[in-house]
Amino acid sequence: MKIIQKLYQMFILGCQGNNLKTALERGLGGVIFFKDDIISSEDFKRLTAKLACQSEIVPFLSIDQEGGRVERTENIWGGKRYLSQKFAYEKGEEFLKVQTQMIADELKDYGINLNFAPCCDTNTNPKNPIIGERAFSCDPDEVIKGAEIVLGIYEENGIIPCIKHYPGHGDADCDSHLTLPTINLSLEEMEKTHIKPFKHLVKRGVDMVMVAHLHCTCFNEDVLPTSLSKNAIDYLRQDYDGVICSDDMVMQALDDFDNPCERAIRAGVNLFLYRYSDDKTIQVIEDIAKKSENDNTLQRCIEESYEKIIKLKQKYGLVSI
């Protein structure tokens, strides 16, 4: 397989844009669906089935289906609605198990094989504009308990879970969709509260971790998002050998950084989310492919990421061993 095909495996693109079919033919790793892509159950099933057949390697067919305000199927008339992680967990472990099983059943019926959930942030800042009720708790030990329930059910149902948003978005006071938050805590403080759930869950054996666009001063004094930070990624790699995924790469937290995707690849990120499949996104991939032809370090990063992605797809039966 050519290096450009391996590179395309490292990307999950949205349906908005005119290049999705072409990207799938070139080896695109996956597709992510948002609420505007999901109007009716039957149309959505047809869409996922069609996309699954357009790539030589079965793509990740992915979604953010947490419950509460992050629920991508909300436009489906008569569809189920779910509580957010916080309120579901507060109703008790059995309620959380039942709700998660309902979500898993629904996602399997739609043809989804990857859910970007659960949130494993410890929500310590009551003014946090983006996490809030998406977190199980403000106590990291309770976050771990809730996350283990959700992870187990998705894994049992053949849906790849992705824990997010490493190293912890819970202390932020602004939204990384709009700007780059700064988390000004020592490494000791981060480990005690925010990193704790991630460290526990990667040792448990979770298959995918999403890294956030945050400036954490414990990893870099100079302003640099954790998604581009070799320090932050290397810290995670001390305990973890699985797939590291970016948060959406078109979020405004990255606006002030040149070539963010290439920088993140060099830092050790394996899989990239872009909500669009437009010309600009395709050009990002093609430019990195061209540069890698004469860059052994970049080429090695692509090879290593491809191997991790294929290994995960094999585990869940998306690729024959």
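Before reading further, recall that the structure is shown in the block above.
Everything numeric in this text was worked out from a predicted model, so none of it was measured.

**Digging into the sheet that holds strand β8 (residues 163-166)**
- The 9 strands lie next to each other as β7-β6-β3-β2-β1-β13-β12-β10-β8, forming an open sheet whose pairing is parallel. Edge positions in the sheet fall to β7 (160-161) and β8, since each of these pairs with one other strand and no more.
- Bridging between strand β6 (residues 114-115) and β7 involves 2 bridges; their strand directions are parallel. Bridging across to β7, Asn115 finds its partner in Pro161.

**Some remarks on the layout of surface pockets**
- The volume enclosed by the largest pocket comes to roughly 440 Å³.
- Lining the largest pocket are 19 residues, and of these Met249, Pro260, Tyr274, Lys280 and Val284 lie nearest its centre.
- Of all the secondary structure elements, the ones that give two or more residues to the lining of the largest pocket are α9 (260-267), β13 (271-276) and α10 (279-292).
- It is α10 that provides the largest number of residues to the lining of the largest pocket, a total of 6 residues.
- For the lining of the largest pocket, the class distribution of residues is 11 nonpolar, 2 polar and 6 charged.
- There is about 310 Å³ of room inside the second largest pocket.

Rules used throughout
Residues numbered from 1 in each chain as written. Predicted model: local features only at pLDDT ≥ 70, side-chain atom pairs only at ≥ 80, totals over all residues. Heavy atoms only, no water. Pairing = 2+ DSSP bridges. Helix = DSSP H or I, 4+ residues; strand = E, 2+ residues; numbered from the N terminus. 1 Å grid on protein atoms, 1.4 Å probe; cavity = no way out; pocket = protein on both sides within 12 Å on 5 of 7 lines; lining within 4 Å. Points joined across faces, edges and corners; volume = space filled by probe spheres on them. Nonpolar A, V, L, I, M, F, W, Y, C, P; charged D, E, K, R; others polar.

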